[in-house]
Amino acid sequence: MPTVKNWQLGRDMAYPYDARYPERQFAFVFNINRCIACQSCTMACKSTWTFSKGQEHMWWANVETKPYGGYPRWWDVKILEQLETANPGAQVWGGTPGDGRLAPYGTFEGQTIFEAAARALSPDSARVLGYLPTDEEWNSPNIYEDNPVGKRGVRNALDDTGVQLPVHKTWFFYLARICNHCSYPACLAACPRKAIYKRPEDGIVLLDQSECRGYRKCVEACPYKKTMYRGNTRTSEKCIACYPRVEGTDPESNGEPMETRCMEACIGQIRMQGLVTIAEDGTWAEDRYNPLYFLVHVAKVALPLYPQFGTQPNGYYIPPRWVPRPYLRQMFGPGVDLAIENSISPSRELLAVLQLFRRSNRIIFRYEIEEGPKIYEGSLHGRKVELYNDTVIAFGKDGRELFRTTVEEPVHVRSNAHANSI
Amino acid sequence: MSYHDPEPEDPQELVGVELPGDEAVTREMAATFADEFAQLGLTRIQILSLYRRAEYTGAHQAWRLLGEDEIARIVDESLAVYGRFVWVVTDGPEEVAGSVAQPLRLVRRGS
Amino acid sequence: MTQPTYAPDLVEEAVLLAEPTAPAASAQAFRRERDRIYEIVDDDAREASFRSLHLRWFARLGLHRVIDQVAHQRVDVADRVNVSRVVRALTRQDEGADLVDEATLDAASPTPTLVLRLCPSTLLRPDALCTLLHNELTHVADMLDPAFGYERRLPASEDGPSADNILRDRYRVLWDTTIDGRLTRVGLAGPTERTARWREFASAFAMLGEGCESAFEEWFNRTDPTHAGLVAFALTPPQLANAGKPGRCPLCRFPVASLDARDGGVSPATEAVIRAAHPAWRIELGLCSQCLDLYEARQPSCA
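The notes below deal with the structure included here.

### Considerations on helix α1 (residues 8-18) of chain C
- Most of α1(C) is tucked away: 8 of the 11 residues are buried.
- Among the residues making up α1(C), those that are buried are L10(C), V11(C), E12(C), E13(C), A14(C), V15(C), L16(C) and A18(C).
- Close packing links the buried residues of α1(C) with β10 (227-230) of chain A together with β1 (5-6), α2 (24-37), α3 (43-60), β2 (84-88) and β4 (113-118) of chain C.

Pasting the structure below:
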């Protein structure tokens, strides 16, 4: 099996195909600290792409309650368990997180889903460790996620045995998910008909419906379970990253690259999506003032979801601050501690970049900060806070200014009757 | 919320294991939401209603556990820093030939 | 009973699930044939080809075998139903058997149709399927047995739908108990089923207290249960019969077996909220658990 460079793992890894990298890569950052599970993203996607017969159970975008829920149910628990069974006690990270783009989280010393499949006693045809979810696991997203049942008469307390939880008395958070348009897609690797491909211009992973013959190997292989089988067409389908919008060919886009429907609909303003430049070795080329590059490689607050799977996902998450670290380290890798530290006490630049989220539905390719005077100094949660009257300017693909954000004092008071008018 | 006996064979039934968590975690979650939404420019009423509404289970659970007064204190703490300014977003000029660009000013916060 | 007919979606999913366990040469032959069907342009012709292919492989993989065997053993059912259909269940909870009346040409001897709802994955687990089928077909046999005297409707309660639900639950638990008891004695069920039934029984008839276990034994060992007997016990278990008619909650007026008796009772804040809605209510009158939940939940939002 060829080897490819996986910068998220800080090492080379086995992958069924030779490395080929797109010019730019579709990528996104979700700030979990803001997600309240309003499901606007879920419905925006559903009403755009998966509202037809045979797609009833398909949710290309979904928001699930972690650690209790999942769509399909227990997807991450199951694949983590398979990996642990394949490589008991050795799914660990080593080395030390570094500053470079090559091994920012250290080195993953365990096995990826590709490596575990090669060593496991699976059929020769199985290139990826995975499983096929059952009907039950697909058919009820979010059921009981927030309000699980408990024993009769025992309320507001954990079960003594810890086996069955009455209600979520402990921590939880919402995990919004779409296809990660991975750099080394497991769905692509597993397809016996080569029906799945990664576009060279933007790295979006698409499934050619005319080539698909419904083997469901992609459904089995995708560790994030973001390819889904449609019974009435007997083909699999997946998130297409709203590619007409990203291309700027959607009539609404007026030729400018636009963010996807799920991003645009996010009322919690947790989402930012963009296109990052990929270097020849598959890492992110230095692009200091691309907001995604800044969040992932400079501020280091945004982390990949389950990087240990080995697909090099292009979805990044600002991890929830209140969740116990061991859980977060399993989910986002060893970069969690630094990410949380940096997001609790945001730097002047990070605070400015966080203001770029959802101020426009156009893709931001570059930002600039015009520094202003310090306007506040104080403390919050026992940490020093300084605020500046900085102006953040966002630019689109052709360098045109999309918008600028600044702060203003004193407060402009509007009458209640017109509080929401422009 | 139902309270019938769990049926282990029921795939819709949620079973799980105990995970560490306490009031401090809930307080941290509540403070995080307050910080984030204050940074976004929501008003005190808007942020408080996020906690009061049962639809937003995470925030609402914190409100139930900590109480209105404590949540209000947490929100005020965040607003004391991030709520003292108006975040103003100005759209870039449209590239339409012959027209004069009119920046659109969106005042995202009231008083 | 004639040969069962199988729903196409059940057949297709079962074949696809069984495919990885088939010998490699067979699986490849199946895939070659299936791939070619995608090329058929006409929708109806393509669909028909898929169905016929999957049905052939369903038979070839022997996925019908357990159902045929059990149907052959269960003469008590086979002679009394017309045809049987096997359709797809979406969840394990949906799995089961139903009798459906259908208008027949021979109105003088109408025979119902047996419908089996099964998950595709269950067809791949012969032991579990066998146990499930025997359990379900025993229900069906009771329904068709004049001596059992099955009636489709349970007596309606004057106390509203919640009482109807309680009665239906108790009836179901009792019937399942007698069925697993009978199946255990002929070696078609085991200790797992017995334990599961006891758990259900203990929960549904908790009011029997210490007498619960002996009542369970009696029902589990009963050889000739009747519908009327099950209904009578479910309506008024001995303890309830002695205690007289259950009361009603003074707030919602719904019938309840007992008012709420949890430790700590009603907090002053909750009491205030209740009094705001029901000025005449006093704490000594008590209230049901549902009402207490409701007013406790309302209490903070009024703060």
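### Things to note about the sheet that holds strand β13 (residues 303-304) of chain A
All names here are of chain A.
- With mixed pairing, the 4 strands of this open sheet are ordered in space as β12-β3-β14-β13. The open sheet terminates on both sides in strands that have one partner only, identified here as β12 (271-277) and β13.
- In terms of strand pairing, strand β3 (residues 24-31) meets β12 through 7 bridges, oriented antiparallel. Looking at β12, one finds that V29 is bridged to M272.

### A short note on the side chain of R362(A)
Residues and elements named next belong to chain A.
- Structurally, R362 can be placed in the loop between α12 (348-354) and β15 (366-370).
- A distance of 2.9 Å separates polar atoms of two side chains, one belonging to R362 and the other to E256.
- One polar contact links R362 to N361, side chain to side chain, over a distance of 2.9 Å.
- Setting aside residues up to four positions removed in sequence, R362 forms contacts with E252, S253, N254, E256, P257, M258, E259 and L402.

### Considering the packing of helix α7 (residues 161-185) of chain C against helix α10 (residues 227-235) of chain C
All names here are of chain C.
- The geometry of α7 relative to α10 is characterised by a closest axis approach of 9 Å and an angle of 130° between their N-to-C directions. Judged by the inter-axis angle, α7 sits oblique to α10. With respect to the hand of their crossing, α7 and α10 are arranged in right-handed fashion. Residue-level inspection shows L167, R170, Y171, L174, W175 and T178 of α7 in contact with α10, the latter providing H227, L230, V231, F233, A234 and L235.
- Considering only residue class, the contact of α7 with α10 consists of 9 nonpolar, 2 polar and 1 charged.

### Some remarks on the pairing of strand β17 (residues 383-388) of chain A
Residues and elements named next belong to chain A.
- With 6 bridges joining them, strand β16 (residues 374-380) and β17 adopt antiparallel strand pairing. Paired with G378 across the bridge in β17 is V385.
- Counting the residues between successive antiparallel strands, the hairpin from β16 to β17 contains 2 residues, one of them, H381, with a positive phi of roughly 50°.

### Remarks on the pattern of salt bridges
- Going through the model one piece at a time under the given rule, you end up with 58 salt bridges over all chains.
- R44(B) serves as the salt-bridge partner of D76(B), at 2.6 Å between the closest nitrogen and oxygen. With a gap of 32 residues between them, D76(B) in helix α4 (residues 68-82) and R44(B) in helix α2 (residues 44-52) connect regions that are remote in the sequence.
- Counted as one network, the salt bridges with shared partners bring together R234(A), E12(C), R34(C), E47(C) and R51(C).

Definitions and cut-offs
- Residues numbered from 1 in each chain as written.
- Chains lettered and ligands numbered in written order.
- Predicted model: local features only at pLDDT ≥ 70, side-chain atom pairs only at ≥ 80, totals over all residues.
- Heavy atoms only, no water.
- Buried < 20%, exposed > 50% of the residue type's maximum accessible area, 1.4 Å probe, protein only.
- Helix = DSSP H or I, 4+ residues; strand = E, 2+ residues; numbered from the N terminus.
- Contact = heavy atoms within 4.5 Å.
- Pairing = 2+ DSSP bridges.
- Polar contact = N/O pair within 3.5 Å; in protein donor to acceptor, adjacent residues only side chain to side chain.
- Axes fitted to C-alpha atoms, helices over the stretch in contact; angles between N-to-C directions.
- Parallel < 35°, antiparallel > 145°, perpendicular 65-115°, else oblique.
- Left-handed = near helix turned anticlockwise from the far one by under 90°.
- Nonpolar A, V, L, I, M, F, W, Y, C, P; charged D, E, K, R; others polar.
- Salt bridge = Lys/Arg side-chain N within 4 Å of Asp/Glu carboxyl O.

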